[in-house]
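Inside the fold
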Amino acid sequence: MEVGLIIILFLSNALALDCLYNHRIKTTGALIILNLCLTVALAYQFKQMEKIFYLLLGCAGLVALFFGVKLYLKKKKEAPIIIDAADRIIEEKEDK
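This report concerns the structure included in the present document. (Residues numbered from 1 in each chain as written. Predicted model: local features only at pLDDT ≥ 70, side-chain atom pairs only at ≥ 80, totals over all residues. Heavy atoms only, no water.)

1. Considering the pattern of salt bridges
Selection rule: Here a salt bridge means any side-chain nitrogen of Lys or Arg lying within 4 Å of a carboxyl oxygen belonging to Asp or Glu.
As enumerated under the stated definition, the model contains one salt bridge in all. We note a salt bridge from D18 to R24, for which the minimum N-O separation is 3.5 Å.

Spelled out as structure tokens, the structure:
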């Protein structure tokens, strides 16, 4: 069982790299998700599930922190832009 999982994992990684090289991003993403599932299944077979769980939990926390900081910085950069319409009308009349 473990050998079959390792072979499928290797083939899935090879296909993901090929799809990435050929610019098929959605297929690459699906194969990467399959690779994660196969890694978890393989770890379960080798009784390493607890270590993998903590690793994936830590990675999920880092991703959430990254997107939180990115969202915070995006909102911080946004400043209210006030456009005075009266100035624009006056400038247009002066041009004519």
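2. Some remarks on helix α1 (residues 2–21)
An α-helical segment advances 3.6 residues per turn. Residues three or four places apart therefore align on the same side. The condition that has to hold: Secondary structure elements follow DSSP: runs of H or I of four or more residues count as helices, runs of E of two or more count as strands, with numbering from the N terminus. In this scheme, a helix's expected span is set at 1.5 Å multiplied by one less than its residue total. Relative accessibility thresholds used throughout: buried, under 20% of the residue-type maximum; exposed, over 50%; partly exposed, between the two (1.4 Å probe, protein chains only). In this description, one arc is meant: the one made by directions from the helix axis to the C-beta atoms. Any pair of residues with heavy atoms lying within 4.5 Å of one another is described as a contacting pair.
Here α1 is 20 residues long and its end C-alpha atoms lie 29 Å apart, about the 28 Å a rise of 1.5 Å per residue gives. The set of residues buried in α1 consists of L5, L9, S12, A16 and C19. Angular distribution of buried residues about the axis of α1 spans 95°; they occupy a single face of the element. In α1, the exposed residues that point more than 90 degrees away from the buried face are V3, F10, L17 and Y21. Next to the buried residues of α1 lie α2 (25–45). In the stretch just after α1, H23 is the one whose phi turns positive, near 60°.

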